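Read off the chains here:
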Amino acid sequence: MAAEGVAPSLPPGSSAGLLESLSGFVTELRTAGIPVSLTENLDAMEALRYVPLEDREAFKYALAATLVKNNAHWKAFETVFEVYFSFRGREYHIGDTAEDSVDMLVTDLLGPRQSGESGGAEGLTPEELAELLYRALMDGNDAMLRAIARAAVTRYAGMEPGRPVGGTYYLYRTLCQLDLDAVLEKMVNAAREETKGDMTELEERLTREEYEARLASMRREIEAEIRRRLVADRGAEAVAKSLRKPLPEDIDFMHASREELVALRKAIAPLTRKLAVRLARKRRHGRKGPLDFRSTVRHSLSYGGVPAEPKFRYPRPSKPEIMVVADISGSVAAFARFTLQMVYAISSQFSRVRSFVFIDGIDEVTDYFRGNEDISDAIHRINTEADVIWVDGHSDYGHAFEVFWERWGRDVNTKTTVLLLGDARNNYHAAQSWVLAEVSKKARHVYWLNPEPRSYWDTGDSIVGQYATHCDGAYECRNLKQLERFVEQLG
């Protein structure tokens, strides 16, 4: 008899294996940084009572609906799912339905095999496998593509049990042998011949995009097959550890890859909306002001002169003015980019936002953001048009701060919060920290945000300690999560 909540189509003992996989799955999600509470874990198990466990997609999205709360976490969830449930689905004969045998599919596409030839896709010659791949892609035969993926990995990947090689290496070897780019051109040429060259430019583009989508599906099948074999050899936990990547909010600004920068750009928009709401709510529900003695005495008359109900002044919270002074040299440029983007995205919560960027010279770039809905365009203008080079284009914080004080120091007032962005690596130039001392006397607050780990501060040519003495706070700010925590206190 099947255990309660487990589909009766599963073989005996599958429930125990499923619970063990779910436990490891949730543990790995937490290790990867995705928050999963005990209640959500129980909800996921309850949801699986109402989906057919042999249906991979239903199984996957039932878990996602109960465990994933942030769209930015979806890719990490999907990666962990593919590892821990790599053998679950109809294609692995879990359930009553199974695909047609590979032998039948090979026969349909290439004709009957000669006696003595091994059956299945694994027994094909490289030329026959290439032809089979081409025919399956043209027909959109998903079952055949899965069989070809298995055969291609067996033939070309060179996987050996216990070999300490990552899946990317095996994928590269397999794709090189299949030469999918050449297959794409062959498919497009066949489509042209079929229409006798009468395809319009739009029709050809749509045809190419359709074939590219099929090839992308084939790549995913090969990746999945390699992953399944790695899991079978090393175990799900070891494979999940090797594939683990930081969530978008945990990606280090200073060391982000091109792909990770794309993920950061996608994550910053919902983050800024959430921060804007928090800052607005924080301002509406500000703390009570000082005691209103006159009002307290007046209301005490109803209690016989006893001040039983103190009255307070409720000041109208004023929006702060923000001045951002950012180092845009070298590796800290990505950090400055995302900080400027976030500040301007929530600029409605500030009375005024002014931006200055520097390397060894300094320039105001506030106007670059005005009337520009796409902040990326403003950032591009900053990188190409801002006058930030004074001598040699190497960071000189001292000179940049001196020029800032001379040109714009009079604009700093008691409503101004000054944000200083940079690693404070000054190339052994004069610090001129007296400038920050003067700014801190006039400003409401002065904060320093440093994208380097705190353990690197004041090492080498870093002089952040000299500047931090004159700031209300110096904060390590290496990722979106740390940046979010800081921005929350600006209101």
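Described below are features of the structure shown in this document. (Residues numbered from 1 in each chain as written. Predicted model: local features only at pLDDT ≥ 70, side-chain atom pairs only at ≥ 80, totals over all residues. Heavy atoms only, no water.)

**Regarding the pairing of strand E4 (residues 416-421)**
Among the six residues in E4, six count as buried, and that is most of the element. Of the two faces of E4, the one carrying Thr416, Val418 and Leu420 and the one carrying Thr417, Leu419 and Leu421 are both buried. Direction of pairing for strand E1 (residues 321-327) relative to E4: parallel, over a ladder of six bridges. Looking at the pairing, Val325 lines up with Leu420 of E4. (Buried < 20%, exposed > 50% of the residue type's maximum accessible area, 1.4 Å probe, protein only. Helix = DSSP H or I, 4+ residues; strand = E, 2+ residues; numbered from the N terminus. Pairing = 2+ DSSP bridges.)

**Quick look at helix H13 (residues 293-300)**
Looking only at H13, the buried set comprises Ser295, Thr296 and Ser300. An end-on view of H13 places all buried positions within 135° of arc, on one side of the element. (Arc of directions from axis to C-beta.)

**Regarding unusual backbone geometry**
Phi at Tyr428 takes a positive value of approximately 65°, unusual for a residue other than glycine. Within the secondary structure, Tyr428 sits in the loop between E4 and helix H18 (434-442). Residue classification places Tyr428 among the exposed residues on the basis of a relative accessible area of 66%. One non-glycine residue, Gln432, lies in the positive phi region at around 50°. Along the chain, Gln432 turns up in the loop between E4 and H18. A relative accessible area of 24% places Gln432 in the partly exposed class.

**Some details on the pairing of strand E2 (residues 352-358)**
Most of E2 sits out of view: six of its seven residues are buried. Alignment of E1 against E2, held across seven bridges, turns out to be parallel. Of the residues in E2, the one forming a bridge with Asp327 is Phe358. Examined bridge by bridge, E2 and strand E3 (residues 362-364) share three bridges and lie antiparallel to one another. Each residue of the ladder has a partner; that of Phe358, found in E3, is Ile362. Counting the residues between successive antiparallel strands, the hairpin from E2 to E3 contains three residues.

**Considerations on the pattern of salt bridges**
Enumeration according to the criterion identifies 24 salt bridges in this entry. Ionic pairing is found between Glu40 and Lys69, a salt bridge with its closest N-O pair at 3.1 Å. Of the two residues, Glu40 sits in helix H2 (residues 38-47) while Lys69 sits in the loop between helix H3 (56-67) and helix H4 (74-84), which places them 29 residues apart along the sequence. Classification of Glu40 by relative accessible area gives buried; the value is 17%. (Salt bridge = Lys/Arg side-chain N within 4 Å of Asp/Glu carboxyl O.)

**Considering a nonpolar patch on the surface**
Among the surface-exposed residues, Leu291, Phe293 and Val297 lie close enough to one another that they form a single nonpolar patch of about 300 Å² accessible area. By relative accessible area, which is 38% here, Val297 ends up partly exposed. (Patch = residues over 30% accessible without salt bridge, like charges linked within 9 Å, V, L, I, M, F, W, Y side chains within 5 Å. Areas by Shrake-Rupley, 256 points an atom, 1.4 Å probe, with all protein chains shown as cover.)

**Focus on empty space enclosed by the protein**
Summed over the entire model, instances satisfying the criterion amount to one cavity of 30 Å³ or more. The calculated volume of the largest cavity comes to roughly 30 Å³. Residue lining of the largest cavity: Val325, Phe401, Phe404, Val418, Leu420, Val435, Leu436 and Val439, and that is the complete set. If you list the elements that add at least two residues to the lining of the largest cavity, you get helix H17 (397-408), E4 and H18. The element that contributes the greatest number of residues to the lining of the largest cavity is H18, accounting for three residues. For the lining of the largest cavity, the per-class residue count stands at eight nonpolar, no polar and no charged. (1 Å grid on protein atoms, 1.4 Å probe; cavity = no way out; pocket = protein on both sides within 12 Å on 5 of 7 lines; lining within 4 Å. Points joined across faces, edges and corners; volume = space filled by probe spheres on them. Nonpolar A, V, L, I, M, F, W, Y, C, P; charged D, E, K, R; others polar.)

**Focus on the sheet that holds strand E5 (residues 445-450)**
Strand order in the open sheet formed by six strands is E3-E2-E1-E4-E5-E6, and the pairing between neighbours is mixed. The two strands at the open ends of the sheet, each matched to only one other strand, are E3 and strand E6 (473-476). With direction set aside, neighbouring strand axes in the sheet form an average angle of 20°. As paired strands, E5 and E6 are joined by four bridges and run parallel to one another. Following the sheet pairing, Leu449 is matched in E6 by Tyr475. (Axes fitted to C-alpha atoms, helices over the stretch in contact; angles between N-to-C directions.)

**Looking at the nonpolar core**
The biggest cluster of nonpolar side chains holds 62 residues, and the ones touching the most others in it are Phe25, Leu63, Phe77, Phe85, Leu133 and Met218. Counting residues per element, this core draws most heavily on helix H7 (residues 142-157), which supplies 10 residues. Look past the residues within four positions of Phe25 in its chain and what remains in contact with it is Leu63, Leu67, Phe77, Val80, Phe81, Tyr84 and Phe85. Counting 43 residues, the second-largest nonpolar core is a separate cluster that includes Phe253, Leu264, Val357 and Leu480. (Core = buried A, V, L, I, M, F, W, Y, C linked by side-chain atoms within 4.5 Å. Contact = heavy atoms within 4.5 Å.)

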